[in-house]
Amino acid sequence: MRRAKKGKIADKTEKLLALQSAKLEDVEFSALEADREDLEAIRRSEAADKRQLKEMFDNHKNEN
């Protein structure tokens, strides 16, 4: 986050704008630099995706 003056404290709006712009950045995953926590996070994310897809398909089947 860029500040206009050195020592100026960013207000809530400036912090939110910086956070939003950070969310738009592409992030590359490096398996070589990943630690156990990173790998566990990936595993949990994939499991959550599977649960969500299963729920979506189950709900779709129940509607028909």
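So, a few notes on the structure that sits alongside this text. (Residues numbered from 1 in each chain as written. Predicted model: local features only at pLDDT ≥ 70, side-chain atom pairs only at ≥ 80, totals over all residues. Heavy atoms only, no water.)

1. Some words on the overall build of the protein chain
Looking only at helices and strands, the protein chain has 2 helices and 0 strands in total. In the protein chain, which comprises 64 residues, the proportion classed as buried is 3%. Total accessible area on the protein chain is roughly 6,900 Å²; 52% of this is exposed by carbon and sulfur atoms. (Helix = DSSP H or I, 4+ residues; strand = E, 2+ residues; numbered from the N terminus. Buried < 20%, exposed > 50% of the residue type's maximum accessible area, 1.4 Å probe, protein only. Areas by Shrake-Rupley, 256 points an atom, 1.4 Å probe, with all protein chains shown as cover.)

2. A few points about helix α2 (residues 36-63)
With 28 residues, α2 extends 41 Å from end C-alpha to end C-alpha; this agrees with the ideal 40 Å at 1.5 Å per step. Capping the start of α2, D35 holds a side-chain oxygen 3.2 Å from the backbone nitrogen of E37, two or three residues further along. (Expected span 1.5 Å × (residues − 1). Polar contact = N/O pair within 3.5 Å; in protein donor to acceptor, adjacent residues only side chain to side chain.)

3. Observations regarding a nonpolar patch on the surface
A contiguous nonpolar patch, built from L53, M56 and F57 and spanning about 330 Å² of accessible area, is present on the exposed surface. Here L53 shows up in helix α2. (Patch = residues over 30% accessible without salt bridge, like charges linked within 9 Å, V, L, I, M, F, W, Y side chains within 5 Å. Salt bridge = Lys/Arg side-chain N within 4 Å of Asp/Glu carboxyl O.)

4. A look at the pattern of salt bridges
A full pass over the atoms with the stated rule returns 2 salt bridges. Here R43 and E40 are joined by a salt bridge, their closest N and O atoms 2.7 Å apart. With a gap of 3 residues between them, R43 and E40 both fall in helix α2, about one helical turn apart. Judged by relative accessible area, which is 33%, E40 ranks as partly exposed. Its salt-bridge partner being D58, residue K54 comes within 2.8 Å of it at the nearest N-O pair. In this pair, K54 and D58 are both assigned in helix α2, 4 residues apart and thus about one turn of the helix distant. Under the relative-accessibility criterion, K54 is labelled exposed at 52%. The class for D58 is partly exposed, based on a relative accessible area of 29%.

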